[in-house]
Protein chains: 2
Amino acid sequence: MTSVGVVTARSMHFSEPLRLQSGALIADYTLVYETYGQLNADKSNAVLICHALNASHHVAGYYADQPKNTGWWDNMVGPGKPVDTDRFFVIGINNLGSCFGSTGPMHTNPETGRPYGHDFPVVTVEDWVHAQARLAEALGIEKFAAVMGGSLGGMQALAWSMMYPDRMEHCIAIASTAKLTAQNIAFNDVARQAILTDPDFHGGDFYAHGVVPKNGLRVARMIGHITYLSNVDMSEKFGRVLRSGQYLFGFGVEFEIESYLHYQGDKFSSYFDANTYLLITRALDYFDPAASYDGDLTKALANTRAKFLLVSFTTDWRFSSEASQAIVKALIDNRREVTYADIDAPHGHDAFLLTDERYHDLVRSYFDRMWFDIESGRD
Amino acid sequence: MTSVGVVTARSMHFSEPLRLQSGALIADYTLVYETYGQLNADKSNAVLICHALNASHHVAGYYADQPKNTGWWDNMVGPGKPVDTDRFFVIGINNLGSCFGSTGPMHTNPETGRPYGHDFPVVTVEDWVHAQARLAEALGIEKFAAVMGGSLGGMQALAWSMMYPDRMEHCIAIASTAKLTAQNIAFNDVARQAILTDPDFHGGDFYAHGVVPKNGLRVARMIGHITYLSNVDMSEKFGRVLRSGQYLFGFGVEFEIESYLHYQGDKFSSYFDANTYLLITRALDYFDPAASYDGDLTKALANTRAKFLLVSFTTDWRFSSEASQAIVKALIDNRREVTYADIDAPHGHDAFLLTDERYHDLVRSYFDRMWFDIESGRD
């Protein structure tokens with residue numbers, strides 16, 4: 001299996017204002033994206049990949065000047081890979097409010113001439129999907145072969161299936177959920193509180209102060225990271241191993257797990273934007289398409305027309321198997337075609353990003369069948 | 001069932017230095033404690049209750065000037081209660097390093113004349129047990145009818161059974177474990193990092209600056225609180241309920257669970273000492289009696305002589321049922337007498353503090369039998 005190789009991010013500017021779910025208006029904005037493979041003549045082989053919390057449009061390949069900066073789903077997308085770029089035209093897109101290129105809180109607010117900061121409007125999964133749909137239109141893609149994502153990306157794929165039922169053949173949602181649990185919201189809340197109460201946050205306008213709320217971001221990331229791993233996986237990888245082999249009777253790094261978390265927290269806080277973290281966790285909290293139907297997910301999914309692939313992982317306690325199964329149940333209630341697998345993997349929520357043969361084989365087979373349908377002209 | 005009524009905290013000063021596991025020496029110290037019920041003539045009815053993270057010697061009853069300040073295990077300890085103070089002489093003790101009266105980081109370091117702060121030595125579960133044993137000696141109690149605790153308190157009871165096997169008849173460890181998992185240590189680590197990186201922490205010497213690292217303590221407590229509750233319990237109590245019934249598109253409190261966590265965090269940070277939080281979480285991390293026996297818990301428990309009662313709760317994911325069962329297994333390997341129940345309660349780790357009929361009935365029956373043995377002169 002090879003990589004898609006050198007890739008280049010593109011950007012597209014939209015000058016038609018976007019009305020958000022909150023009522024706020026983004027006057028104009030830029031979306032950054034990447035594409036891999038070739039769009040076929042009848043434009044029937046396009047796959048949209050939606051990203052999760054800390055990822056971006058950079059799904060596969062690497063940049064000419066950054067050969068080690070590999071896309072976040074490079075094990076999934078590429079020539080001969082489960083999402084085969086020799087067959088499919090794959091689009092990775094960066095969402096509004098992100099800190100990786102698309103218009104976000106660190107960019108200049110045209111109304112004030114200063115960075116948006118605190119004034120960047122709260123965006124929802126549905127807002128992102130509307131913006132993505134505009135990009136699709138601009139690229140001339142009337143109907144996606146598939147809209148696909150993991151975790152928060154899976155929420156976007158699900159939202160697509162409800163908001164634009166006629167503009168996709170398949171919806172692929174991995175390690176996702178139709179709504180966060182109270183515990184999930186609680187973890188997001190604590191992470192946000194760590195950022196909001198960091199004195200260097202300055203109410204979201206830290207750019208003007210030349211500082212970054214690193215401590216808050218660091219704690220936020222460490223909390224998140226614990227929830228991405230399973231208890232079992234963490235025990236196997238780190239256990240109670242001490243870096244120096246003995247207790248040092250202090251509060252510095254002693255256990256390997258502490259070292260690992262600090263490394264993750266430090267790294268994250270050196271590149272991620274604090275306002276983006278707030279925005280994305282809020283989008284996670286808010287997603288709940290059944291809420292408009294008295295909590296009835298079956299009704300919420302009634303107007304979908306896509307075929308569905310859902311995958312969950314048995315040790316994922318952030319977005320549990322039960323959460324995926326609730327979606328499967330609601331889809332079957334609606335007599336939708338659903339393929340579902342609950343993969344017995346030890347890696348918790350992170351499993352959706354890792355190479356697991358059974359998981360990748362399933363996605364590969366699903367795309368093989370999709371390709372057969374495209375080739376044979378069926379839909 | 002009635003309360004033990006008005007209680008008064010007592011204190012005892014120890015001028016003989018205490019050598020700690022770290023090698024450090026506490027030159028002299030004070031332990032604060034409370035007692036309920038009457039010590040019988042042959043001193044065979046004494047029960048020591050060890051406290052967990054945020055609790056104290058104030059186990060039962062209330063203070064004359066604070067009628068609402070009820071002891072943390074008042075539902076368990078009192079006349080006619082499972083630990084019946086009409087029969088047993090119960091001692092609640094506050095551990096070294098705590099912020100509720102016994103010598104701790106906020107007290108004056110005799111060597112410097114300033115508060116200990118950063119210089120208060122790291123204390124371990126075993127150090128606490130040594131200090132508790134000295135108090136027992138001073139009170140003339142050669143052998144406890146039982147040493148009892150939940151969570152970190154259960155670790156102390158277990159340590160007692162290994163360190164002073166001849167000085168207790170029964171060891172009662174509820175919702176406890178013989179060692180933290182990597183995930184547990186990770187949660188403690190993040191909580192500590194929130195405190196350590198709060199600018200108001202001042203390296204532990206915040207007393208001199210007239211500030212308290214409230215933000216760090218608040219985040220620490222919120223993280224802890226999430227882990228005390230079960231996912232199911234949190235969903236049932238809070239779900240996705242919004243305080244105002246609608247999304248406000250901001251980062252303030254919107255979900256009920258956020259409101260609850262902030263309340264808990266604010267309350268905790270207004271009375272708990274940040275250095276104590278660091279000390280107690282480190283004591284939790286370090287407890288691992290099997291480590292001295294190549295990880296063999298059976299060997300670690302080989303010299304115990306007590307009879308054991310262990311209780312776990314099915315939804316406790318902080319100190320899981322499996323953790324208690326590992327202790328039960330090791331005790332049975334050693335042919336110890338063990339009573340064990342895994343209570344199917346929805347309340348997570350917090351269940352050990354709550355009133356559950358099956359749980360309380362079990363403890364009551366256990367103490368009934370203990371009382372029968374004492375009355376009939378058997379041991």
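Bear in mind the structure is a predicted one, so any value in this text is a computation, not a measurement. (Residues numbered from 1 in each chain as written. Chains lettered and ligands numbered in written order. Predicted model: local features only at pLDDT ≥ 70, side-chain atom pairs only at ≥ 80, totals over all residues. Heavy atoms only, no water.)

Engineer: Looking at this structure, how should I read the sheet that holds strand β12 (residues 338-343) of chain B?
Structural biologist: Residue and element names in this part refer to chain B. Taken together, the eight strands give an open sheet; going across it, the order is β1-β4-β8-β5-β9-β10-β11-β12, and neighbouring strands pair in mixed fashion. The two strands at the open ends of the sheet, each matched to only one other strand, are β1 (10-14) and β12. Geometrically, the sheet is characterised by an average inter-axis angle of 20 degrees between neighbouring strands, direction not taken into account. Of the pairings in the sheet, the one linking strand β10 (residues 168-174) to strand β11 (residues 307-313) comprises five bridges and is parallel in character. Residue pairing across strands places I172 opposite L309, the latter belonging to β11. Where helix α2 (residues 152-163) meets the sheet, it contacts β5 (46-50), β9 (144-150), β10 and β11, and its direction lies at approximately 145 degrees from that of β9. (Pairing = 2+ DSSP bridges. Helix = DSSP H or I, 4+ residues; strand = E, 2+ residues; numbered from the N terminus. Axes fitted to C-alpha atoms, helices over the stretch in contact; angles between N-to-C directions. Contact = heavy atoms within 4.5 Å.)

Engineer: In this structure, what is going on with the relation of the copies chain B and chain A? I would like to understand it.
Structural biologist: Each of the two chain copies can be generated from the other by rotation about an axis followed by a shift along it. Rotating chain B by 180 degrees about the axis while translating it 0.0 Å along that axis superimposes it on chain A, leaving an RMSD of 0.0 Å. What the superposition gives is, in effect, a two-fold axis relating one chain to the other. A share of 100% of the interface residues of chain B reappears at the interface of chain A, consistent with the copies meeting face to face through the same patch. (Least-squares fit on C-alpha atoms with pLDDT ≥ 70 in both.)

Engineer: Quick question: what am I supposed to make of the sheet that holds strand β8 (residues 89-93) of chain A here?
Structural biologist: Two orientations exist for strands paired in a sheet by backbone hydrogen bonds: parallel and antiparallel. Residues and elements named next belong to chain A. With respect to topology, eight strands assemble into an open sheet ordered β1-β4-β8-β5-β9-β10-β11-β12, the strand pairing being mixed. Each end of this open sheet is capped by a strand with a single partner; those strands are β1 (10-14) and β12 (338-343). On average, adjacent strands in this sheet sit at an angle of 20 degrees to one another, irrespective of strand direction. Direction of pairing for strand β9 (residues 144-150) relative to strand β10 (residues 168-174): parallel, over a ladder of six bridges. If you follow F144 over to β10, its bridge partner there is M168. Relative to the sheet, helix α1 (residues 125-138) contacts β1, β4 (29-36), β5 (46-50), β8 and β9, its axis offset from that of β4 by approximately 60 degrees. The sheet strands contacting helix α2 (residues 152-163) are β5, β9, β10 and β11 (307-313), and the helix crosses β9 at an angle near 145 degrees.

Engineer: I'm lost on the environment of A46(B) in this one. Help?
Structural biologist: Residues and elements named next belong to chain B. With respect to the helices, strands and loops of the structure, A46 is situated in strand β5. A46 sits 96 residues away from E142 along the chain, and the two C-alpha atoms are 9.5 Å apart. When neighbours within four sequence positions are excluded, A46 is seen to be in contact with L39, F89, I141, F144, A145 and A146.

Engineer: Hey, could you run me through the interface of chain B and chain A in this one?
Structural biologist: One widely used convention gives an interface's size as the accessible area the parts lose upon coming together. Opposite the 52 residues of chain B that make contact, chain A presents 52 residues. Buried surface at the junction of chain B and chain A, both sides included, amounts to about 4700 Å², of which 66% is carbon and sulfur. Counting the surface chain B buries against chain A, the share from its top three residues, R240(B), F249(B) and F251(B), is 18%. One salt bridge in this structure joins E258(B) and R282(A), with 2.9 Å as the shortest N-O distance. Taken together, the connections running from chain B to chain A amount to 28 residue pairs in polar contact (both at pLDDT 80 or more). For the side of chain B that touches chain A, the secondary-structure elements that each account for two or more residues are α3 (182-196), α4 (214-228), α5 (231-237), α6 (256-271) and α7 (274-286) of chain B. With 11 residues, the single largest contributor to the side of chain B that touches chain A is α3(B). Looking at the side of chain B that touches chain A residue by residue, the classes come out as 28 nonpolar, 14 polar and 10 charged. (Buried area = accessible area lost by both parts, 1.4 Å probe. Salt bridge = Lys/Arg side-chain N within 4 Å of Asp/Glu carboxyl O. Polar contact = N/O pair within 3.5 Å; in protein donor to acceptor, adjacent residues only side chain to side chain. Nonpolar A, V, L, I, M, F, W, Y, C, P; charged D, E, K, R; others polar.)

Engineer: Got a minute to help me understand the pattern of salt bridges in this structure?
Structural biologist: Oppositely charged side chains can form a pair if their charged atoms are brought close together. Residues and elements named next belong to chain B. Scanning the model with the defined rule gives 36 salt bridges over all chains in all. The partner of E169 in a salt bridge is K307, with the nearest N and O atoms 3.8 Å apart. Note that E169 is positioned in strand β10 and K307 in strand β11, a separation of 138 residues in sequence. In this structure E169 comes out as buried when scored by relative accessible area, which is 19%. (Buried < 20%, exposed > 50% of the residue type's maximum accessible area, 1.4 Å probe, protein only.)

Engineer: Could you clarify how one ought to interpret the pairing of β9(B) in this entry?
Structural biologist: Looking along a regular strand, one sees side chains alternate from face to face of the sheet. All names here are of chain B. With seven of seven residues buried, β9 lies mostly within the body of the structure. The pairing of β5 with β9 spans four bridges and is classified as parallel. Within the sheet, the bridge partner assigned to V47 lies in β9 and is A146. With α2 bridging β9 and its parallel neighbour β10, the resulting β-α-β unit is right-handed. (Right-handed = clockwise from strand over helix to strand, strands pointing away.)

Engineer: Quick question: what am I supposed to make of helix α3 (residues 182-196) of chain A here?
Structural biologist: Helical geometry note: an α-helix holds 3.6 residues per turn, so side chains three or four residues apart project in the same direction. Counted at 1.5 Å a residue, the expected span for α3(A) with its 15 residues is 21 Å, and the 20 Å between its end C-alpha atoms agrees. The buried fraction of α3(A) amounts to 14 of the 15 residues, a majority that puts the element mostly inside the structure. (Expected span 1.5 Å × (residues − 1).)

Engineer: Quick question: what am I supposed to make of unusual backbone geometry here?
Structural biologist: A negative phi angle is the norm for most residues apart from glycine, just as the trans form is the norm for most peptide bonds. Residues and elements named next belong to chain A. A positive phi angle, close to 55 degrees, is found at K43, a residue other than glycine. On the secondary structure map, K43 appears in the loop between β4 and β5. According to the relative accessible area criterion, K43 is partly exposed, its value standing at 36%.

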